[in-house]
Amino acid sequence: MPNPISQRLGRIPLKGLRFELLLGLTMRAAGAVSAFAMTWVIARMFGAETFGHFQLALATVTILALIATQGLDRLIVRSASAAFAKDRPGAALNFFAKARSRQLLVSVPLAIVAWLVAEPIAVHVLEEPEVAWHLRLLAPTIIALPLIRACSSLLRAKGSVLVSQSLDGVGYTTIAIVAIGALLASGVALADLAPSAAYLIGVSIVALAAVVLVRRAMRAAERETGDVALSTGLFIAAFSVLVALSDWLGLFLLTAYRDAAEAGIYRVGFQICLLFSIVNSSFALMAGPRLATAFDQSDASAAWKTVRTTSVMGIGIVAPLLLAIIFAAEPILSLFGEEFTQGADALRILAVGQFINVAAGPAGAALTMMKRERVVLIIEIGTVIICVGLLLWLLPTYGMVAAAIGSAVGAILRNAGALLVLRRLLAAL
């Protein structure tokens, strides 16, 4: 039976989707290249132990920043895209402003807490005192990163894809590696805290630039008044935080059960596999507005075509990378230093898990755009429970390999669950 909404509004045009996906991927890839360069420089200059200290602190502030973001970046894309499509920029601006106020209420206290608990956790739990200094230095990014994501989301909803993608990731990572490279070239002796200092500088500069760009983009808009629904973002945030929590727990427990050096080796493999997640996250972000519009117009065909196109393109891009890692893990890791080749098996397992993430397409993002945040959250809760159980069981004996297994199992469970639910929901449209 024909869908009356689809008949009235027409099919969602997919022309340009591939271009947007490739543009988003190009910008994310640039960020991945700069992040890879920063990983290489830190690992080569400071070794596995210092790299482990830096990465544990960075992973900690990143998950706290996700909590502070509260999923409102996704809601900004969803709500602002609809507002701009209806020629109501004032409504988009109002949603953005209220979302930012809500983020600040959480991010500032979290940054203070991170500063206060850094030393007790580093000294008494991890027995790695150096982690405290990195964590304290990076604490302000808990405030800055949600700001960057909110600004990037508003600009993306407005159609400024290139500018949006330049802010979130590629900008501050590039500045950080340039800062480290400049200091290295000058011959200055670098302290172990240099990576955290450079990262903080990069994030701070990009946060200021993001505010300026949003003000310029929205200067002609007159903010509308009225309340907006922000509570849904908590379900989105819970999902994102749980995904990050699973990876963070692997790193944290690896440091606690083994040492920072093994955690650093594992984290290099994890960073290499970000090349997969860059494809996954950028494609999901690019597809988000199209999925939101398709579901708003009850166009199941356009929604599934978007998911399928994204999946096929992703597989074609990352399949060669998967093969390269499987057959050449040791040579790849040796670029960072001979001690890092110990993580070859963990790298292979991580790569398989990340390939599954890409192959599934934006299934989780599609459920979010369908306002099925609770379903996504339920799937992730079950995934995290199973993965944490695996970590506690296997990690003391198998170390970084166990952490990689936990990550790969998580990818399989969350994507299988999301795809199953998505197909059922689309069939019902």
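Residues numbered from 1 in each chain as written. Predicted model: local features only at pLDDT ≥ 70, side-chain atom pairs only at ≥ 80, totals over all residues. Heavy atoms only, no water.

Describing the overall build of the chain
Part 1 of the argument: Of the regular secondary structure elements, the chain holds 16 helices and zero strands.
Part 2 of the argument: Burial analysis of the chain (429 residues in total) assigns 55% to the buried set.
Part 3 of the argument: Taking the contacts inside the chain whose residues are at least 6 apart along the sequence as the reference set, 85% of them involve residues at least 24 apart.
Part 4 of the argument: Of the roughly 18000 Å² that the chain leaves accessible, carbon and sulfur atoms contribute 65%. (Helix = DSSP H or I, 4+ residues; strand = E, 2+ residues; numbered from the N terminus. Buried < 20%, exposed > 50% of the residue type's maximum accessible area, 1.4 Å probe, protein only. Contact = heavy atoms within 4.5 Å. Areas by Shrake-Rupley, 256 points an atom, 1.4 Å probe, with all protein chains shown as cover.)

Here we look at the packing of aromatic side chains
Part 1 of the argument: By the definition in use, this model includes four aromatic pairs.
Part 2 of the argument: Both rings, one in Tyr172 and one in Tyr199, keep their centres 5.7 Å apart while their planes meet at 70 degrees; by these two values the pair is edge-to-face. One end of the pair, Tyr172, is in helix α7 (residues 161–186); the other, Tyr199, is in helix α8 (residues 194–217), and 27 residues separate them in sequence.
Part 3 of the argument: Its relative accessible area of 7% is what places Tyr199 among the buried residues.
Part 4 of the argument: Directly above the aromatic system of Trp115 lies the positively charged group of Arg136, at a separation of 5.1 Å from the ring centroid. (Phe/Tyr/Trp six-rings, centres within 6.5 Å; stacked < 30°, edge-to-face > 60°. Lys NZ or Arg CZ within 6 Å of the ring centre and 35° of its normal.)

Observations concerning unusual backbone geometry
If a residue is not glycine, its phi is most likely negative; likewise, a peptide bond is most likely trans.
Part 1 of the argument: Look at Asp87: it is not a glycine, yet its phi comes out positive at around 60 degrees.
Part 2 of the argument: Exposure remark for Asp87: the relative accessible area of 65% places this residue in the exposed category.
Part 3 of the argument: Despite not being glycine, Glu127 shows a phi value in the positive range, around 55 degrees.

Some thoughts on the pattern of salt bridges
In a structure, side chains of opposite charge can pair up when their charged atoms sit close to one another.
Part 1 of the argument: Taken as a whole and assessed by the stated rule, the structure comprises six salt bridges.
Part 2 of the argument: The partner of Arg258 in a salt bridge is Glu262, with the nearest N and O atoms 3.2 Å apart.
Part 3 of the argument: The partly exposed category is assigned to Arg258, whose relative accessible area is 33%.
Part 4 of the argument: Linking Glu330 and Arg348 is a salt bridge whose minimum nitrogen-to-oxygen distance equals 2.8 Å. Highlighted residues: Glu330 in helix α12 (residues 300–334) and Arg348 in helix α13 (residues 344–359), separated in sequence by 18 residues.
Part 5 of the argument: Among the residues examined, Arg348 registers a relative accessible area of 21% and is labelled partly exposed.
Part 6 of the argument: Taken together, the shared-partner salt bridges connect Glu330, Asp345 and Arg348 into one network. (Salt bridge = Lys/Arg side-chain N within 4 Å of Asp/Glu carboxyl O.)

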